[in-house]
Amino acid sequence: MKILRSAVFQAIAIVAVSAAGGFAFNSFARNGINPFRAVAKVPVADEGTKVGADGIRIIDLAEARRIVESGGTVIDARRKIEYDGGHIPGAILFDYYDMGAYRDRVLPRLSNEGEIMVYCSETACDDSELLAKELYLLGFTKLLVFKGGFAEWSGSGLPVEKGDL
Amino acid sequence: MKMTWSQGTHPPAGGRSGTHWIFNPYVLLAFRLLLAAIFIYAAVQKIGRPNAFAEEIRNYGVVDYGPPLYVMAVVLPWIELLCGFSLVTGVGVRGAALILLGLNALFLAVIAKRTAGYVSDGTPFMKVYFDCGCGFGAIYAWKKLLEDAAYLIMALALLAAPRHRFAVPIRRRSS
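Owing to the predicted nature of the structure, the values given are computational and were not obtained by experimental measurement. (Residues numbered from 1 in each chain as written. Chains lettered and ligands numbered in written order. Predicted model: local features only at pLDDT ≥ 70, side-chain atom pairs only at ≥ 80, totals over all residues. Heavy atoms only, no water.)

Caption draft 1: The interface of chain A and chain B, seen in detail. Listed as interface residues are 29 residues of chain A and, on the opposing side, 29 residues of chain B. Approximately 2700 Å² of surface area, both sides summed, lies buried where chain A meets chain B, with 74% of it carried by carbon and sulfur atoms. The tally of links from chain A across to chain B stands at zero salt bridges. Here chain A is connected to chain B by three residue pairs in polar contact (both at pLDDT 80 or more). Every element with two or more residues in the side of chain A that touches chain B is listed here: α1 (2-28) and α5 (127-137) of chain A. It is α1 of chain A that provides the largest number of residues to the side of chain A that touches chain B, a total of 18 residues. When the residues that make up the side of chain A that touches chain B are grouped by side-chain class, the tally is 19 nonpolar, seven polar and three charged. (Contact = heavy atoms within 4.5 Å. Buried area = accessible area lost by both parts, 1.4 Å probe. Salt bridge = Lys/Arg side-chain N within 4 Å of Asp/Glu carboxyl O. Polar contact = N/O pair within 3.5 Å; in protein donor to acceptor, adjacent residues only side chain to side chain. Helix = DSSP H or I, 4+ residues; strand = E, 2+ residues; numbered from the N terminus. Nonpolar A, V, L, I, M, F, W, Y, C, P; charged D, E, K, R; others polar.)

So, in structure tokens, the structure goes:
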């Protein structure tokens, strides 16, 4: 009983110091997040929904192609190494897992006037959707997620750009 | 009179008469160093990438987006790191063991739940393979379950050990 009481006392101290360290580090870290941010309901529409609905809409390859060819804003949510290996022409790198490193560089280039298309590696990855949700919370409401991602784009023989932008 | 070991003069391996081998000071030290290495490594993989870790926690389907998830993503890796340091330095070993016991029990439960989900979808148990978000990449679920069970036993031994020989004793001041 004495052992357990002392263990509980020590555990509380460890958790308290960890929480203080974690929050302090997070507030200075490049990739820090606001852990108490409000979580807004982000409307996500399925493929085939009419254009114009605010929120996030899932699009197919044909529509992704239309956006790229019309010079629309395209965001690549993958890691830099994947981006450098090949990306959709004109895509801006915005690694979802390293948002702090790209936020200041990418956000000023985005506008709420036009649509913003986001993609990641392939259908199974959801980083494009997660990044689109983050962008929605930042005030961008015309967001399109190309679920097929880079795999479908390059697999269809469409042009690919290599290297850093 | 010359006494023989059978008469009880020689201390058993545990260092105290009647103690289990698992409480041998060197065994306990090995458990501490092993757990410390694992948890410090795991913590370092997660610190500084709270968004990614939040997604990994969310994949278990237990906590959804919101402050509890993000607070866990920010604080949990630091708890693992401090527990690791406690085990290495010997300061607050029992506290660290209690936390790791709780974390591993929780982890074992959520991994079992996630594995059961894959099995019910038709994947054979031995073929269930996923990234548990522990900082070590994708792994077979059965291996992860065994690993966690071993960590659980080690943490339990560290918590229940009658004494720790290579540790800093922390005693509360008696009034």
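Following the structure, the description resumes.
Caption draft 2: Representation of the pattern of salt bridges. Under the criterion given, the structure shown has 13 salt bridges over all chains. As a salt-bridge pair, Arg66 of chain A and Glu63 of chain A come within 3.3 Å of each other at their nearest N and O atoms. Remark: Glu63 of chain A and Arg66 of chain A occur in helix α2 (residues 61-69); sequence separation between them is three residues, near one turn of the helix. Where Lys144 of chain B meets Glu147 of chain B, a salt bridge forms, and the shortest distance between an N and an O atom there is 2.9 Å. Pair noted here: Lys144 of chain B and Glu147 of chain B are both in helix α5 (residues 141-160), with a separation of three residues, about one helical turn. Note on Lys144 of chain B: relative accessible area 4%, which makes it buried. Taking relative accessible area as the criterion, Glu147 of chain B reaches 28% and is therefore assigned partly exposed. One salt-bridge network, held together by shared partners, links Arg57, Glu63, Arg66 and Glu115 of chain A. (Buried < 20%, exposed > 50% of the residue type's maximum accessible area, 1.4 Å probe, protein only.)

The analysis is restricted to geometry; functional conclusions fall outside its scope.
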